[in-house]
Amino acid sequence: MRKTMLWLILLLAAARLAGLSPGDRLFRIDRRLAAHYYGSDELAELVSALPAGVEVYHATLHYLLAGASPSALGRVPRSACVRLDGYDPAANYFLLTDLSEEEDKPDPATGSILTRMDGVTVLKSGLEGPALARLTDLHCVQIDFQPLRLNPVTVSQPRPARVNFGNLLTQVNADSIMWFIQSLQDFGTRNAFADNRLEVANWIRDQFLRFGLADAHVEPFVQYGLLQYNVVATLPGSVAGDRYIIHGGHHDSITNNTDPLVFAPGADDNASGSAAALELARVMAACSYQPECSIRFVTFACEEYGLWGSKYHAQQAENQNLGVKLMINHDMIAHSTQSPDEWQIRLMPYQGFENHTNYAISVVNTLTTLSPYAGTINSASSDSYPFWQKGWPVLYFFEHEFCPWYHSVDDITANCNPMYVQEAVKASMAVTVSFDQVPAPTEGVGVSDPGTGNSLQVSWDPQASEADVVSYIVYVMPVNSPPGQEFPASASPYTLTGLQDGVLYQVGVAAVDNDGNVGFANIQIASPSLLPRTPQDFADAPLYQAVSLSWTANQELDLAGYRLYRSDEENGNYAPVTAELITTTSYLDEDLQGHGYYYYKLTAVDGTGLESAPTAVVRSRAVTLDAGILIVDETSDNPGNTVFSPSDTACDQFYASVLQDFQTTQFDAQSEGLLKLADIGIYSSVLWHGNDAGSLTYPLAVRDELKKYIQAGGKLLISSYFPSKAFDNNGTYPFAYQTGSFMHDVFGIQNVDYQTGARFRYAQPQGSGFPALTVDTLKTVGPLLGHIYNIETIGAAAGANNVYFYGSDYGNETAQGGMNGQPVGVYYNQGCGKSVVLSFPLYNMQQNEVAALMHHVFYTLFGETVANQDDNIIPFAGLRISRAYPNPFAEQLNLELSGLKAGSPLSACVYNLKGQKIRTLYEGSAKAASQSLAWDGRTDRGETAASSIYLVRIGQDGNASAKRIVKIR
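Residues numbered from 1 in each chain as written. Predicted model: local features only at pLDDT ≥ 70, side-chain atom pairs only at ≥ 80, totals over all residues. Heavy atoms only, no water.

1. Examining the environment of Val 702
With respect to the element layout, Val 702 can be found in helix H16 (residues 698–711). Classification of Val 702 by relative accessible area gives buried; the value is 1%. When near neighbours in sequence (up to four residues on either side) are disregarded, Val 702 contacts Leu 674, Leu 675 and Trp 688. (Helix = DSSP H or I, 4+ residues; strand = E, 2+ residues; numbered from the N terminus. Buried < 20%, exposed > 50% of the residue type's maximum accessible area, 1.4 Å probe, protein only. Contact = heavy atoms within 4.5 Å.)

2. Some remarks on the layout of surface pockets
Its volume calculated, the largest pocket comes out at about 710 Å³. In this structure, the largest pocket is lined by 38 residues; those nearest its centre are Tyr 544, Leu 625, Lys 917, Ile 918 and Asp 940. Listed by contribution, the elements that provide at least two residues to the lining of the largest pocket are helix H19 (847–861), strand E46 (905–911), strand E47 (917–925) and strand E49 (948–956). Ranked by residue count, the leading element in the lining of the largest pocket is E47, at 4 residues. (1 Å grid on protein atoms, 1.4 Å probe; cavity = no way out; pocket = protein on both sides within 12 Å on 5 of 7 lines; lining within 4 Å. Points joined across faces, edges and corners; volume = space filled by probe spheres on them.)

3. Looking at helix H7 (residues 197–211)
With 15 residues, H7 should cover 21 Å at 1.5 Å per step; its first-to-last C-alpha distance of 22 Å lies within 8% of that length. Regarding H7, the residues found buried are Arg 197, Val 200, Ala 201, Trp 203, Ile 204, Gln 207, Phe 208 and Phe 211. All buried residues of H7 fall inside an arc of 155 degrees around its axis, so they share one side. Lining the buried residues of H7 we find helix H6 (174–185), strand E10 (217–223), strand E11 (226–235), helix H8 (267–286) and strand E13 (293–300). Two residues or fewer after H7 comes Gly 212, characterised by a positive phi angle close to 105 degrees. (Expected span 1.5 Å × (residues − 1). Arc of directions from axis to C-beta.)

4. Describing the pattern of salt bridges
All told, the structure shown has 25 salt bridges when counted by the stated rule. The shortest N-O distance in the salt bridge between Lys 325 and Glu 466 comes to 3.2 Å. With Lys 325 in strand E14 (residues 323–330) and Glu 466 in the loop between strand E19 (456–459) and strand E20 (469–478), the pair connects residues that are 141 residues apart, well separated along the chain. Lys 325 sits in the buried class, given a relative accessible area of 11%. Judged by its relative accessible area of 7%, Glu 466 falls in the buried class. Glu 896 is the partner of Arg 883 in a salt bridge, and the nearest nitrogen-oxygen pair spans 4.0 Å. With Arg 883 in strand E44 (residues 880–885) and Glu 896 in strand E45 (residues 893–898), this pair connects stretches of sequence that are 13 residues apart. Of the residues examined, Glu 896 reaches a relative accessible area of 29% and is grouped as partly exposed. Counted as one network, the salt bridges with shared partners bring together Arg 243, Lys 325, Glu 443 and Glu 466. (Salt bridge = Lys/Arg side-chain N within 4 Å of Asp/Glu carboxyl O.)

5. Details of the environment of Ser 839
Mapping Ser 839 onto the fold places it in the loop between strand E43 (834–838) and H19. C-alpha of Ser 839 to C-alpha of Gly 375: the two residues are 464 residues apart in sequence and 53 Å apart in space. Those residues within four positions of Ser 839 in sequence are excluded, and the remaining contacts are Ser 720, Tyr 721, Pro 723, Ile 791, Glu 792, Thr 793, Ile 794 and Val 824.

6. Observations regarding the nonpolar core
If you look at the biggest cluster of nonpolar residues, it comprises 82 residues, and the most contacted ones within it are Phe 747 and Phe 840. Among the elements that make up this core, the one with the highest residue count is H19 (7 residues). Once residues lying within four places of it in the same chain are set aside, the contact partners of Phe 747 are Ile 710, Leu 716, Ile 718, Phe 727, Phe 742, Val 826, Tyr 828, Ser 835 and Val 837. Membership of the second largest hydrophobic core comes to 67 residues, among which are Val 172, Ile 333, Leu 395 and Val 433. (Core = buried A, V, L, I, M, F, W, Y, C linked by side-chain atoms within 4.5 Å.)

7. So, the side chain of Thr 60
Residue placement: Thr 60 occurs in the loop between strand E2 (55–59) and strand E3 (63–68). A polar contact of 2.7 Å, which involves the side chain of Thr 60, links it to the side chain of Asp 118. Apart from residues no more than four positions distant in its own chain, Thr 60 is found in contact with Arg 31, Met 117, Asp 118, Val 120, Gln 351, Ile 377 and Asn 378. (Polar contact = N/O pair within 3.5 Å; in protein donor to acceptor, adjacent residues only side chain to side chain.)

8. Remarks on the sheet that holds strand E41 (residues 801–807)
Ordered in space as E33-E32-E34-E35-E43-E42-E41-E38-E39, the 9 strands form an open sheet in which the pairing is mixed. On the outer flanks of this sheet lie strand E33 (664–668) and strand E39 (773–774), each paired with one strand and no other. Pairing between strand E38 (residues 762–764) and E39: 2 bridges, direction antiparallel. Paired with Tyr 762 across the two strands is Thr 774, which belongs to E39. (Pairing = 2+ DSSP bridges.)

What follows is the structure in structure tokens.
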């Protein structure tokens, strides 16, 4: 009965650490393809180059396992990523590793294989870790969806001069190690669900206390509803006591072929790793070794079911801001059938710390009889992994010959090799002492250019160095032509001279201690230059009546400032915008006229007046929102051989016809490239049409510019197939957008859905004030009986309104009519800007009905002016401007409105003779059936309007009324 209850707890009570949200995506990134796109395959650089919102959870040699919201995923190049799954909070996700490297496959009954990445299987399962572990021989680690924190610093190997081992290496004893292993085996089982968990931990703690490590203690934590117990003991450091080498291995055990609660000897896996920590502590204490940094010995609990003990301890170390110099892990180091002269051992490398592994390999090769080599990178199969995830250096010792009695009742001391495990622990001792006595990587290294063309200034933070550091060595080496040089340095900064202008150099700084040991060098890349460097990240940000320019600060020490040039022609004459140098990294250009583009380029200038090469030209212009309607033709330039792939000419003619009463400008996305805010910001409204379902990549590439446009006060009507796919790369139905997503926040869309067999004929307004729309039978095909297809539904989020609904001639119970009544149009009035999104192509609807829609949206909702100064406006029987006085007026015009519907949205605006809106008098809910307004004769910018004829127009609930007025001085 007790066993049954334990396993029930096992299945139901696992803690979940996931940081993803429902609707987020898991995907795999091909590092090679991503490197081609982002310019680097170096792991830290590649991960940092990924778009904001993309998190990387695991990395292998060729792949990244990542997660993101659909909108963030949409910014990852499609050629480099494969979607795996939508995140399901009810499921568990695992990394499964075959430690035997025999490419065994997990039993399909354990879950769904999402992908395999260089021998690591990503599994989705309804099982918890312990239940899964009993069904497979693969090592299982539950993914906690905490993003990798990668070390961006490149370090070289250290160069020790006088590491003092004393008699530490000779005191490592096979009998002592095997006694520890046998004692742990004698518990019968050390399983994470066995009743003796605390007994095992207390025994290990007592050994550390017996050695004289007075602070040895049990570290409890809860996993699977049970208390688990790590064991922790520390040998304090004498020089850098606040830095730690964490030395550990797990003490729990498991069997797959019998009940692990009864017998799980776990001699090699992993009493050998715990014994390594115990033996190192015993020998160091017996030899009175006084480490320079603190050495913490930890045996971890609950490793076999997901590394939970090391995850907990790593999190505690992070919470305590522990200075982790290195984590050394031992897992299975006692099996070998080779002769001693053939003994090998694996050191598993982790990216970002390859030189830590390389240095350890050189130490083991020099001081032991073992032949060390680098194993599989970034192994998630043992307790080093949670420390690497948090950005700390790690080493992982692992036997060369994989134990054939892994997770079985035959994993006993009789099948261990005492002399091999002695040599493995000796190797760990040599590595531990070497890392303890050599200085840590120098912190705060930076390289600046004095601007002489032959020198570089190197600086670092000496306050962060260990107390026994007495000097430094500065290295310099041409990137493409070693060898290099080294120079002793006593203080920061240090100036390197005799370099060549324009040559890239590796520059590093390593600390030297009072024993002459040279530590890791922190490496930077830099190049001296006589001329200042061209400023980087030069970019524009159009604002209302202004353009903001910004760039990244140059690092030259002799920098005097920047010179910004401007021209009204790309190949014209460029003149400085200011007489003095700009000494900040931004400039606001407000001296702008009209709607024409301006062209900018930027240089850096040093103290002697030398000037850098200019940046690439940036084209921009201010936001004015007064140039009428821009028609963005996003439809592909199709041959027009079907009604569902219309030609460019047919689309242009259609939209020109339905907007003939408005002032319009065409923008062809296929020929003019990616639009920016500078391209659309002068227009008061934008009509965006995508009338083909086969090409939906352009909208995603420019959607952030549309967001800026709406935030600036622009108004946008979109007609497109699959807007959730076009603007958000969505391919999952049904799908719900959350607050913070582009579709939700910018377009006011929360829910999308699609059914393959559904047929669409009517866009039904159902009281929204929008005109009814019907498919043009000449723009579909006969078998569809007046319908079209490929129409998704879009439902309004809070604050937005559904304005059209899916209609067909088929019953709701049929496949063709299965989407009847669902929304296909959303209107979102954000105050500053407005949008209407339609999930069907207007090109395929009745032209006269679309023309009515254009008038309703652009005239009534967006406030555009029609031709002939609105002479054709037919006032609604109730809504009207009943009085405007005095008219003409000089200082203030008074308006009285009547026929209003109290509580309904009301707009009142003033337009000039060009149809440009110059003043918004009112935007909000009508206060009563009648209301008074006034115009002081000023524009929205606060300028006095010229003497002229103007039009005051009011609109409410799809109805409008207008009155001409005259302003005089």
